[in-house]
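A structural walkthrough
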Amino acid sequence: MYLVETGSEHKAGFIRKYVFSTDHKIVGLQYFFTAFAMAIFGGLLSILMRLQLGWPSRMWPMLETIFPVGMAGGVMSPEFYLALQTMHGTIMAIFVLTALFTGAFGNYLIPLQIGARDMAFPLLNMLSYWVYLLSCIVLVLAFFVEGGAPISGWTAYAPLSAIPESGPGQAMGQNLWLVAIALFTVSSMMGVLNYITTIVQARTKGMTMSRVPLNIWGMLSASIISIMVFPVLLGAGVLLLADRIGGTSFFVPAGLVMGDKLIPHSGGHPLLWQHLFWFFGHPEVYIVIVPAMGIAAEIIATFIRKPVFGYRIMAGCWIAVVALSMVVWGHHMFVSGMNPFLGGFFALATLLITVPSAILVLCWVVSLYGARIQFTTPMLFALGFVSIFVTGGLGGFFLGSAWTDIQLHDTYFVVGHFHLTMAMSPLFAAFAGVYYWFPRISGRMMNERLGRVHFWISIAGAYAIFLTMHVMGVGGMLRHSYDTTQYDFLKHLQPLNVFVSFAAFALAASQLIFILNFLVSLFRGPRAEANPWKANTLEWAAPAPIPHGNWGAVTPEVHRWPYDYMVPDGGEDFLPQNAPAAVLENKRF
Amino acid sequence: METLVHERSTPEVADAVDEVAQSPFTANTRKFGMWLFILSDALTFAALLGAYGFMRLTSPEWPEQSGVFDIRLITFMTFVLISSSASMAMAVFAAENGERKHTLGLLGATIIGGIVFLGCQAYEWAHFIGEGGTLFFNPWGVPQFSASFFLITGFHGFHVLSGVVLLAVVWVLSLLGRCSANGVELAGLYWHFVDVVWVFVFAFFYLL
Ligand code: HEM
Ligand SMILES: [Cu+2]
């Protein structure tokens, strides 16, 4: 196994080489494994939630030993349920998915795919990871302080989040949550500043912007969104912190009574928090999905073995998404008491942003049309990504129309929608990426058969869980509720809840197949060829193992776009970007 | 498209920064990074000013600023800061021409401008607090007034302070002959940004 090889001219010790390394590949791997660990942790939290939702108020004596407070007497307390939910959402949306795409895949792939030797600011890049790790630690610590983790949801709606007395986790727990988010923001800024600068400034000779791989377009677009919206979250966090510890009331209205106590704040607006949060929160979903799209597009482009359709269109769509993603946030607030005229505007803008998304899907479908598709594991996951994205996006239409959202808001329809679009489809893209680039990183192949089993169980599980949630949502199943059997009108949905819980356990268990495959292949997998998928992009042209600095004496020179497949001169059916220009001068670009 | 391509010839692997510090644009890599930083910082201010705007619009009343602040002082502060931007621009020009003496003098003038601004701001805060203004209370009206006063001017003042420190470092490095013209220019970019933000704060918080 080699994960990364440091160039022989460096006699750096283990610590400099693998721990405090400025090599973008090491930083990327550090991001990957940390995000992966967080994903497992966040996943376990959701298992606990499914236990409660499937079998409300049942005793689980064993769990009491692990959570003596939250599961006192073996029964989950409502506050503990809310804490689980808050932490699950925060961890998954921000600390896993955001870090996994731009952080892990971005770091590893950007310099390699554009032919650079490293990020533009390697030191900043290393710092970005360490601050990220710190933010993860601070966040998880919230479980262990007095009162436990916060209960105000990943959206931290005020005034719940602004008043320390409003719940057990709202004192110290919410403070840690805010600090963790602030740290993550700083880390993310250091990261994306690097990604954008590197892509713009450090492309190798011949790598014009119309020749960079689609994955680079995805990373660039997501990074631009990040650099514009994370600062707003930071600003909002500063205001919230002032409310919490400075006694201001930006978000707290007058006359609030909590636990028989009149809250002294007055004059603030909970709506202000929602505006600021969703100005970040909506673009955040695109920070996750756009690089996922880029990865999927990249993989699809390889396995259709013909030139991908709509390279420029896709790039254009992502740019459009960057712009539009910042003007649709109000669709999360249709029933918040916001001005209905604003609601109309946001509904319109939301329908508008589905256009580039739909065009992207169209590009992929047209690319598939008539292709001799190679159904490898990465390709299956990339196609799974497309399937789930489309299904989840369809739910978005009902939510994006203000009038139907009034019925569906705060139900499991929303939960099902965003788990398909933002949780499952990016996860599929991430799996696709891992299966695809594993040989490049480790020098070994993953097991195809296990990969396929992993795929089919995962996609069945994803649909079983989250489509069922859509149905329950239409039936009125309430989001954030820890025991819906309390309501007569929801009792009949309980069998569905049990079904979802079982499906969730199965989905979670099937991920063990992946972990097993990953670990065994890392040490025992068959040796990979230099370019096992016969891809054109530059990362496959780097020496194996890839040294610090990536390339030999000179960086590669690029002569064409990355999707020249099915070249008609016989021989191989692909033409790497850096192959000498003599061949096929008149092809494309 | 050829203009977007740049040559790369250094075979040495060791220092990745220096190697990629060549640019397809006229901006070099560090400058480009600084622009991005400024963009993100500007959006943090935008969030605060946006929140302030929201509060102004939703609040039934808002104190008359001229009754609370001495607008003459604020105008003077603004004048000082904008002048310091001018001296900064001249410092960059001098640094590019390799006139170290001029650079040092102009940088010094800029730093003094920043310090005068901070002094005025400290005076203002003291005055405001002396009249009974706190983060969550003030004698002139809604509590959001003083809260946003402290937060916005405080956040900006923190930026000015950082800028002064940055310029001081650049000054010392220039004195030792260890600061490139590019370094002076980067510090200058940040300084101009801080000034521009102040113009917005001045307009939205004190005038409107
Ligand atoms: C066809 C495109 C889409 C439309 C029209 C759409 C529309 C909406 C609307 C209106 C809501 C708010 C529902 C409510 O709270 O009542 C919502 C929630 C959400 N959507 Fe989408 N969406 C689309 C695609 C996506 C994509 C691609 C993602 C992620 C990558 C995503 C992630 C989310 C998330 C995370 C939430 C819930 C946030 C929360 O309340 O906690 N959506 N969507
Ligand atoms: Cu949204």
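The structure displayed is predicted, hence computed values, not measured ones.

Here we look at the coordination of the iron atom of ligand 1
Residue and element names in this part refer to chain A.
- Its sole protein donor being H417 (NE2), the iron atom of ligand 1 sits 2.1 Å from that atom.
- Between the iron atom of ligand 1 and the copper ion (ligand 2) the interatomic distance amounts to 4.6 Å.
- Along the polypeptide, H417 turns up in helix α13 (residues 412–442).

Things to note about the nonpolar core
Residues and elements named next belong to chain A.
- Core analysis: the largest hydrophobic core is formed by 256 residues, its most contacted members being F95, F105, Y132, W364 and F385.
- Element by element, the count of residues in this core is highest for helix α8 (residues 270–303), at 22 residues.
- Residues within four places of W364 in sequence aside, it is in contact with M293, A297, I300, M314, F385 and V386.

Side note on the pattern of salt bridges
All names here are of chain A.
- With the rule as written, the count across this model stands at nine salt bridges over all chains.
- R305 is the salt-bridge partner of D573, the closest N and O atoms lying 2.9 Å from each other. Of the two residues, D573 is situated in the segment after α15 (494–524) and R305 in the loop between α8 and α9 (311–324); the sequence distance between them amounts to 268 residues.
- The exposure class of D573 is partly exposed, given its relative accessible area of 25%.
- Linking R560 and D564 is a salt bridge whose minimum nitrogen-to-oxygen distance equals 3.9 Å.

As for helix α5 (residues 122–141) of chain A
- The end-to-end C-alpha distance of α5(A), which contains 20 residues, comes to 29 Å, matching closely the 28 Å that a straight helix rising 1.5 Å per residue would cover.
- Among the residues of α5(A), those classed as buried are P122(A), N125(A), M126(A), S128(A), Y129(A), V131(A), Y132(A), S135(A), C136(A), V138(A), L139(A) and V140(A).

Comments concerning empty space enclosed by the protein
Residues and elements named next belong to chain A.
- Scanning all chains against the criterion turns up four cavities of 30 Å³ or more.
- A volume near 220 Å³ is recorded for the largest cavity.
- Residue lining of the largest cavity: 17 residues in total, with L29, F32, F105, V434 and I441 positioned closest to the centre.
- Within the residue set of the lining of the largest cavity, elements represented by two or more residues are α2 (24–54), α4 (78–114), α13 and α15.
- With six residues, the top contributor of residues to the lining of the largest cavity is α13.
- Each pocket or cavity is described by its volume, and for the second largest cavity that value is around 70 Å³.
- At the level of elements, α4 and α6 (172–201) are the ones that each hand at least two residues to the lining of the second largest cavity.
- A total of six residues in the lining of the second largest cavity trace back to one element, the largest contributor, which is α6.
- Its residues assigned to classes, the lining of the second largest cavity comprises five nonpolar, seven polar and no charged.

Observations concerning the site of ligand 1
Residues and elements named next belong to chain A.
- Surrounding ligand 1, one finds 22 residues, the nearest of these being W154, D405, H409, H417 and R479.
- A distance of 2.6 Å separates an oxygen atom of ligand 1 from a polar side-chain atom of R479.
- No other element matches helix α11 (residues 377–400), which puts six residues into the shell around ligand 1.
- Class assignment for the residues of the shell around ligand 1 results in ten nonpolar, ten polar and two charged.

Re the coordination of the copper ion (ligand 2)
- The protein atoms donating to the copper ion (ligand 2) are H282(A) (ND1), H331(A) (NE2) and H332(A) (NE2), with metal-donor distances spanning 1.9 to 2.1 Å.
- For H331(A), a relative accessible area of 13% puts it in the buried group.

Let's talk about a nonpolar patch on the surface
- A cluster of nonpolar side chains, F309(A), I313(A), V355(A), I359(A), L362(A) and V366(A), forms an exposed patch at the surface whose accessible area comes to about 480 Å².
- Mapped onto the elements of the fold, F309(A) is located in the loop between α8 and α9.

Section: the layout of surface pockets
Residue and element names in this part refer to chain A.
- Looking at the second largest pocket, its volume works out to about 560 Å³.
- Listing elements by their share of the lining of the second largest pocket, those giving two or more residues are α2 and α4.
- Among the residues making up the lining of the second largest pocket, the classes are represented as 18 nonpolar, five polar and one charged.

Here's the deal with the confidence of the model for chain A
Residue and element names in this part refer to chain A.
- With 96% of its residues at a pLDDT of 70 or more, chain A shows a mean pLDDT of 92.
- Per-element confidence in chain A ranges from a low mean pLDDT of 78 for helix α1 (residues 14–19) to a high of 97 for helix α14 (residues 448–474).
- Counted against residues more than four places away or in other chains, residues 585–589, with its pLDDT under 50, gives eleven contacts.

Thoughts on unusual backbone geometry
Residues and elements named next belong to chain A.
- Each neighbour pair has its own omega, and for A158 with P159 the value is 5 degrees, a cis peptide bond.
- Topologically, P159 is positioned in the loop between α5 and α6.
- Of the consecutive residues A544 and P545, the connecting peptide bond is found in the cis state with omega at -10 degrees.
- Unusually for a residue other than glycine, K534 sits at a positive phi of about 55 degrees.
- Examined against the element boundaries, K534 turns out to sit in the segment after α15.

The rules behind the values
- Each chain carries its own residue numbering, running from 1 in the written order of its sequence.
- Working convention: letters from A go to chains and numbers from 1 go to ligands, in the order in which they are written.
- Local features in a predicted model are, by the rule used here, given only for residues with pLDDT of at least 70; side-chain atom pairs are given and counted only at 80 or more, and totals for whole chains, interfaces and linings are based on all residues.
- The basis for every side-chain value is the complete set of heavy atoms in the structure, and neither hydrogens nor water enter the calculation.
- Metal-coordinating donors are taken as N, O and S atoms lying within 2.8 Å of the metal, or within 3.2 Å when the metal is Na, K or Ca; because water is left out, some sites can appear incomplete.
- Only DSSP runs of H or I reaching four residues or more are called helices, and only runs of E reaching two or more are called strands; each is numbered from the N terminus.
- Take the buried residues of types Ala, Val, Leu, Ile, Met, Phe, Trp, Tyr and Cys, join any two whose side-chain atoms come within 4.5 Å, and each joined set is a nonpolar core.
- For every residue, the accessible area obtained with a 1.4 Å probe (protein chains only) is divided by the maximum for its type, and the residue is called buried under 20%, exposed over 50%, and partly exposed between those limits.
- Whether two residues are in contact is decided by their heavy atoms, any of which lying within 4.5 Å being enough.
- For this analysis, a salt bridge means a side-chain nitrogen from Lys or Arg found within 4 Å of a carboxyl oxygen belonging to Asp or Glu.
- The length a helix should cover is 1.5 Å for every residue beyond the first.
- Buriedness of a pocket was judged along seven lines, with at least five required to meet protein on both sides within 12 Å; pockets are open sets of points on a 1 Å grid over the protein atoms alone, cavities are sets where a 1.4 Å probe fits but cannot get out, and lining residues have an atom within 4 Å of a point.
- Grid points are joined across faces, edges and corners, and a volume is the space filled by probe spheres set on the points.
- Note that Gly is not counted as nonpolar here; it falls among the polar residues with everything else outside the nonpolar set of Ala, Val, Leu, Ile, Met, Phe, Trp, Tyr, Cys and Pro and the charged set of Asp, Glu, Lys and Arg.
- Any residue with a heavy atom lying within 4 Å of a molecule or strand is counted as near it.
- Pairs of N or O atoms within 3.5 Å make up the polar contacts considered here, provided that, within protein, one atom can donate a hydrogen while the other can accept it, and that residues adjacent in sequence are counted only when both atoms are side-chain atoms.
- Candidate patch residues must exceed 30% relative accessible area and have no salt bridge, after which like charges are joined if within 9 Å and Val, Leu, Ile, Met, Phe, Trp or Tyr side chains if within 5 Å.
- Each accessible area value is a Shrake-Rupley result obtained with a 1.4 Å probe; residue values ignore everything except the protein chains displayed when judging cover.
- Confidence of the prediction at every residue is given by pLDDT, a number between 0 and 100.

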